Amino acid sequence: MAYKISDDCIACGACADACPVGCISEADGKYVIDADQCVDCGSCAGVCPVEAPKAE
Ligand code: SF4
Ligand code: SF4
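Right, let's walk through the structure included here.

1. Regarding the site of ligand 1
C19, C38, C41, G42 and C44 are the nearest of the 14 residues found near ligand 1. Across the shell around ligand 1, the residue classes break down as 11 nonpolar, two polar and one charged.

Structure (structure tokens):
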């Protein structure tokens, strides 16, 4: 299981700062989650203003 960021992402960067394992990075004007490192904590979803990170 891992979270995935949808196309709703407005690239604010809040999730990357909140992720405890640092597995969120910017790529082509959007933020993406490295599913292999994600520990499914939900912190990214909690801080996102547009609810872009979703549990897969
Ligand atoms: Fe990082 Fe947690 Fe979001 Fe996974 S669910 S990307 S570990 S903040
Ligand atoms: Fe995108 Fe939400 Fe992360 Fe901001 S907090 S970069 S809008 S996924």
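2. Looking at the site of ligand 2
Taken together, 14 residues form the shell around ligand 2, and within it C9, C12, G13, C15 and C48 come nearest. Considering only residue class, the shell around ligand 2 consists of 13 nonpolar, one polar and no charged.

3. With respect to the pattern of salt bridges
One pass over the full model with this rule turns up one salt bridge. The salt bridge involving K30 is made with D7; its shortest N-O contact spans 3.0 Å. Here the residue K30 occupies a position in strand β3 (residues 30–33), and D7 occupies one in the loop between β1 (3–5) and α1 (14–18), the gap between them amounting to 23 residues. Residue class for D7 comes out exposed when judged on its relative accessible area of 67%.

What counts as what
Residues numbered from 1 in each chain as written. Chains lettered and ligands numbered in written order. Predicted model: local features only at pLDDT ≥ 70, side-chain atom pairs only at ≥ 80, totals over all residues. Heavy atoms only, no water. Near = heavy atom within 4 Å. Nonpolar A, V, L, I, M, F, W, Y, C, P; charged D, E, K, R; others polar. Salt bridge = Lys/Arg side-chain N within 4 Å of Asp/Glu carboxyl O. Helix = DSSP H or I, 4+ residues; strand = E, 2+ residues; numbered from the N terminus. Buried < 20%, exposed > 50% of the residue type's maximum accessible area, 1.4 Å probe, protein only.

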